[in-house]
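# Understanding the architecture of this molecule
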Amino acid sequence: MNSDLRTPLSRARGLGSARQGVHHWWAQRITAVALIPLVVWFAISLIMLSGADYAVVRAWIGSPVVMVLLTLTIVIGLHHGQLGMQEVVEDYVHGEGLKLTLIVLLRFTAVFFGLAAIVAILRIGFGG
Amino acid sequence: MSVANRPVHRPLSPHLQVYKPQLTSTLSILHRATGIALSVGALYLVIWVIFASASPGTYAKFQAFNVSILGRIFLGGWLFCIFYHLCNGIRHLFWDAGIGFELKDAYRSGWIVVAVSLAATIVAWIVGLRLV
């Protein structure tokens, strides 16, 4: 017998089987919305920078506005990518061990590359 | 024969190889495919920034790939993935808000996504390659 006095709906609401509820789904949407203006800005910048040399690229990355926007684009983009790739792994990889390993590796990769990008951007901006 | 032992003829789920491709399913698959490509592209973007923070000589090697034929195809394809995933992502956000679920709306928004992402890609290539 279930001693919990709450209704099944009340227990399920916002939780889900993993007790995380809609967190993954919500984070994917929030990052998606944030990426709309960032990606438009980045795509236009990329087109304008096509064929640019070392000095031009560094001057661009090192300007304060670009440092902020590029960091946001990369960090939020990696987060969004990691969430999406996790979904792909969960859909197609059925062995629990391999699935968990890949999900952990995806997280590690996203954090590692995100941090590496931040260091590189700061190094360019502050003349390292 | 009892009810429990009677063979059941349930409908089979539609396997991809026997499933007639539709605009909606094709765009759905393409959304995931471009998403995977962009995840790799994001790593490439980070590598680009890292190379830019290195010496001019190191960056020149990286830039040599970008302006090669292979690099142009890669970056041009990357731009298409960006525009497609962006447009179709916005379509998905409308669905999340409960808008545009009617079949004719799903098809109309689908064709808009195809048209806008292709047009944006072509404009990007023309401007990016300084063809005008």
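First, a word on what this report is: a plain description of the structure on this page. What you see is a predicted model; the values in this text were computed from it and never measured. (Residues numbered from 1 in each chain as written. Chains lettered and ligands numbered in written order. Predicted model: local features only at pLDDT ≥ 70, side-chain atom pairs only at ≥ 80, totals over all residues.)

## Let's talk about the overall build of chain B
Threshold: In this description a helix means any DSSP run of H or I spanning at least four residues, a strand means any run of E spanning at least two, and both kinds are numbered starting from the N terminus. Here the globule rule reads 2.2 Å times residues to the power 0.38, and the radius of gyration is calculated from C-alpha atoms. The burial label depends on the number of other C-beta atoms within 10 Å of a residue's C-beta. Counts of 20 or more mean buried, 12 or fewer mean exposed, and intermediate counts mean partly exposed, with C-beta atoms placed from the backbone. The contact rule is simple: place each C-beta atom from the backbone, and if two of them lie within 7 Å, those residues are in contact.
The number of helices and strands found in chain B is four helices and zero strands. If you list the helices and strands of chain B from N to C, you get α-α-α-α. In summary, chain B has a C-alpha radius of gyration of 22 Å against a globular reference of 14 Å for 132 residues, an excess of more than 25%. Each principal axis of the C-alpha distribution contributes one length, and for chain B these read about 80 × 35 × 25 Å. Counting across all 132 residues of chain B, residues that qualify as buried make up 26%. The contacts of chain B with a sequence gap of at least 6 include a subset with a gap of at least 24, amounting to 72%.

## Examining the overall build of chain A
Looking only at helices and strands, chain A features five helices and zero strands. For chain A, with 128 residues in total, the buried portion stands at 21%. Taking the contacts inside chain A whose residues are at least 6 apart along the sequence as the reference set, 68% of them involve residues at least 24 apart.

## Some remarks on the nonpolar core
Quick reminder of the rule: Note on terminology: a nonpolar core is a set of buried residues of type Ala, Val, Leu, Ile, Met, Phe, Trp, Tyr or Cys, with members joined through C-beta atoms within 7 Å.
In terms of nonpolar packing, the biggest core is built from 37 residues, with Ile74(A), Ala117(A), Ile121(A), Val46(B), Val49(B), Ile82(B) and Phe83(B) touching the most fellow members. When residues of this core are traced back to their parent elements, those giving at least two are helix 2 (23–48), helix 4 (64–92) and helix 5 (96–125) of chain A together with helix 1 (23–52), helix 3 (69–96) and helix 4 (103–128) of chain B. Examining the composition of this core, we find that nine residues originate from one element, helix 1 of chain B, more than from any other. Other than its neighbours up to four places away in sequence, Ile74(A) contacts Gly114(A), Ala117(A), Ala42(B), Leu45(B) and Val46(B).

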